[in-house]
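Tertiary structure, described
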Amino acid sequence: MFNKVLIANRGEIALRIIRVCKQFGIKTVAVYSQADRDALHVRFADEAVCIGPPPGKESYLKIPRIIAAAEITNADAIHPGYGFLAENARFAEICTTSGIKFIGPTPEMINTMGDKALAKETMKKAGVPVVPGSDGVVKDLARAIEIAKTIGFPIILKAVAGGGGRGMRIVREESDLENALQTAQHEAEQGFNNPDLYIEKYIEQPRHIEIQVFGDQHGNFVHFGERDCSIQRRHQKLIEEAPSPVVDDELRQKMGEAAIKGCQSVQYDGAGTIEFLVDTDRHFYFMEMNTRIQVEHPVTEEVTGHDLIKLQLRVAAGEKLPRRKIKAEGHAIECRINSEDPYTNFRPSPGKITDFHMPGGFGVRVDTHAYAGYVVPPYYDSLIAKLVVFAQTRDGAINKMASALEEFTVEGIKTTIPFHRQVMKDPRFRSGKFDTGFLDSFQFIPED
Ligand code: ADP
C-alpha cells in the first residue's frame, strides 16, 4: 500500500478520499487554492500545500504545481477525484514519469476512452451496441446531412471533448442543420478548445443507465451493477439511484456483460463507468465511458456493501479484485445538494452558510465538506453535499429521503433541497416511470 497520497481535488470528494486513506494508515496531502484556506480537506489532511489563486485554471488544474506539491511532501501516489485533472491523460503521464502513482487508469486508456468518438469506435469493435451515428468526427455540412439521412432525424450534435452535459445540440430537421453545426462547432471551440463534433441519433425519452466497472492489473474485471441517473437538468444529473426501476435481472446481466466486454477490449485498470442510454423498448446503447470515480458512486456502495474508493486504492497498489460475486440488495438514492436556486432556473448561489444541520439515522449518509460558517466559493462546481439513503425497497428509500430532506437545513444560501423535497412527492418519480426529460414537464412549486 502507499505511504502518502496527495489528493488533487477539493470539496466532498477530497474529504472522502482522506477518510479512506486514514483507515488504511496512509498519510495524506491536501492541495488548496487561496479560496479554500478554510476548507475541511485542508484541515483534515496531514499536510496541506497552497497551489495558487482561486480560479481552477490557476490552481487545481495547474499540473506543475500539483506535481511540485507531491514532490516536496514526498507523496508516492496522487488521487485525482472527479472533475479537474481526473481524466487528463497528460497529467496521468506526468505523474508516472515523475515516479508518482496516478490512482486511475493508464494515460493510453484515458486517451482512448476520453475521446468520445474514439471510445464509441472501440466499443463497437468490441461488440457493444452503441448509439447509431457518425463513425468519428464530422467536419462539414455535406457529411452531416448524409449521416443524418442514414440514421434519421432527430439527431444530436456532440462535442468530442464535451463534458458535464455541455456541448450538445439537438437537431430535428435538415433545414436547421447548417446553423446548428456552425454554432455547435463554435461553442465547442470556445468551451473545450476543440471544435470537433460527432453525430448521434437522438434517442427519444431515454433513461440514462450506467454500469460501475473495475479492472485490476492482473486482467480481472467485475461490474457492480447499474445506477439510474435519468433525473437530470440540462443533461446534468441531479438524482441517482440503484438499482434502476426499469432494469430486471436479464437486462442487468446483458448490460453488465457488455460493460465487461468494453473493459476487456482496452484491458481497463481501475474504477470506471460505462454509460448507456436505454430506449423505450429497453434496447441499450453505449454512450460514453468515464475513466474515474463518479459523483454518484455512493449509491452503488450502499447496495453492494463495497467501498469503491478503498477498492481504487487497492487495485492501484497492485492488489487483485475480490473474487466473490458482487451481490446487490436493497435500494439507494442520492440527491445532489447544490448551492443553486431552484426557483430561478438553478442559478448558482455561492456565499456564507449561516446555519447548517444535517439529517442522520439508520441508512442516511451525508458526504459533504460544508459546515455552518463555511463560505461556498463562486469558482467551482456547486455541489455542497450528497444526501444518500438506503432502505430495503424503493418506496422505503423515497420515504426515508423525504424525511431526511425535511430535516436538512442550510441557511444563508439557496440550495436544491426544496426541489428534491418536491420530487420525492411527485407521482411520476414515485412510480419509477420517467425519462431524462422528467424536468421539462415538472411544475416547480415554491415552498412557503
Ligand atoms: P457529458 O459527458 O457531457 O455528461 P453524455 O454523453 O454523458 O455527456 O450525455 C449526457 C446526457 O445527455 C445523457 O445522460 C442524456 O440525457 C443526454 N444525451 C446524450 N446523448 C444523447 C442521445 N444520443 N440521445 C438522447 N439523449 C442524449
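Look up a bit, the structure's there.
Read on for an overview of the structure. The residue count restarts for each chain, going from 1 along the sequence in the order it is written. The model is predicted, so local features are restricted to residues of pLDDT at least 70 and side-chain atom pairs to those at 80 or more, both for listing and for counting; the totals for chains, interfaces and linings are taken over all residues. Think of the side-chain values as coming from all heavy atoms in the structure, minus any hydrogens and water.

Considering the overall build of the protein
Broken down by element type, the protein carries 14 helices and 22 strands. Both definitions apply: the radius of gyration is a C-alpha atom measure, and the globule rule equals 2.2 Å times residues to the power 0.38. In terms of C-alpha radius of gyration, the protein reaches 21 Å, essentially the compact-globule figure of 22 Å for 448 residues. Judged by the C-alpha coordinates and their principal axes, the protein covers about 60 × 55 × 45 Å. Taken across its 448 residues, the protein has 57% of its residues classed as buried. Within the protein, contacts between residues separated by at least 24 positions form 65% of all contacts whose residues are at least 6 apart in sequence. Secondary structure counts use DSSP, requiring at least four H or I residues in a row for a helix and at least two E residues in a row for a strand, with both numbered from the N terminus. Any residue under 20% of the maximum accessible area for its type is buried, any over 50% is exposed, and the rest in between are partly exposed; the area is computed with a 1.4 Å probe on protein chains only. The contact criterion used is simple: two residues touch if any of their non-hydrogen atoms lie within 4.5 Å.

Some thoughts on the site of the ligand
The nearness test applies per residue and asks whether one of its heavy atoms lies within 4 Å of the molecule or strand. Near the ligand lie 21 residues; those nearest to it are K158, G165, H208, Q232 and E288. For the purposes of these results, a polar contact is taken to be a pair of N or O atoms within 3.5 Å, where, inside protein, one atom must be able to donate a hydrogen and its partner to accept one; residues adjacent in sequence count only when each atom of the pair is a side-chain atom. Contacts to the ligand include K201, whose backbone N or O atom sits 2.9 Å from a nitrogen atom. A distance of 2.7 Å separates an oxygen atom of the ligand from a polar side-chain atom of Q232. Alone, the ligand offers 560 Å² of accessible surface; in the complex the protein occludes 95% of this. Among the secondary structure elements, those contributing two or more residues to the shell around the ligand are strand 6 (155-163), strand 7 (166-171), strand 8 (197-201), strand 12 (270-278) and strand 13 (284-290). Sorting elements by how many residues they give to the shell around the ligand places strand 6 first, with three residues. A breakdown of the residues in the shell around the ligand according to their chemical character gives seven nonpolar, seven polar and seven charged. An automatic or database domain assignment supplies the residue ranges for each domain. Taken domain by domain, the shell around the ligand gets at least three of its residues from each of domain 2 (132-201) and domain 3 (207-441). The Shrake-Rupley method, run with a 1.4 Å probe sphere, supplies the accessible areas, and residue values consider only the shown protein chains as cover. Gly is placed with the polar residues, together with every amino acid not listed as nonpolar (Ala, Val, Leu, Ile, Met, Phe, Trp, Tyr, Cys and Pro) or charged (Asp, Glu, Lys and Arg).

Points about the sheet that holds strand 19 (residues 364-368)
The pairing criterion for strands is at least two bridges between them, as found by DSSP. Spatially, eight strands are ordered 13-12-9-10-11-14-21-19 in an open sheet, and the strand pairing comes out antiparallel. Strands with a single pairing partner mark the edges of an open sheet, and in this sheet they are strand 13 and strand 19. When the angles between neighbouring strand axes are averaged without regard to direction, this sheet yields 25 degrees. Of the strand pairs in this sheet, strand 19 and strand 21 (residues 383-391) are connected by five bridges, and their pairing is antiparallel. Of the residues in strand 21, the one forming a bridge with V366 is L387. All axes here are fitted lines through C-alpha atoms, helices being fitted over the stretch that makes contact, and every angle between N-to-C directions spans 0 to 180 degrees. Strand contacts of helix 1 (residues 11-24): strand 19 and strand 21, with the helix running at about 110 degrees to strand 19, the strand carrying the most contacts.

Some thoughts on the packing of aromatic side chains
Note on ring pairs: Phe, Tyr and Trp rings are taken, using the six-membered ring of Trp, and paired if centres are within 6.5 Å. Classes follow the plane angle, with under 30 degrees stacked, over 60 edge-to-face and the rest tilted. Within this structure, the stated rule accounts for 18 aromatic pairs. Ring plane angle 70 degrees and centroid distance 5.5 Å describe the contact between F419 and F442, whose orientation is recorded as edge-to-face. In this pair, F419 sits in helix 13 (residues 417-425) while F442 sits in the segment after helix 14 (427-431), placing the two residues 23 residues apart along the sequence. We classify F419 as buried; its relative accessible area is 1%. The structure contains a cluster of three or more aromatic residues connected by ring pairs, namely Y343, F346, F419, F429, F434, F438, F442 and F444. Remark: a charge is flagged as sitting over a ring if the NZ atom of Lys or the CZ atom of Arg is within 6 Å of the ring centre and within 35 degrees of the ring normal. Residue placement shows R394 over the ring face of F429; its charged tip is 4.8 Å from the ring centre.

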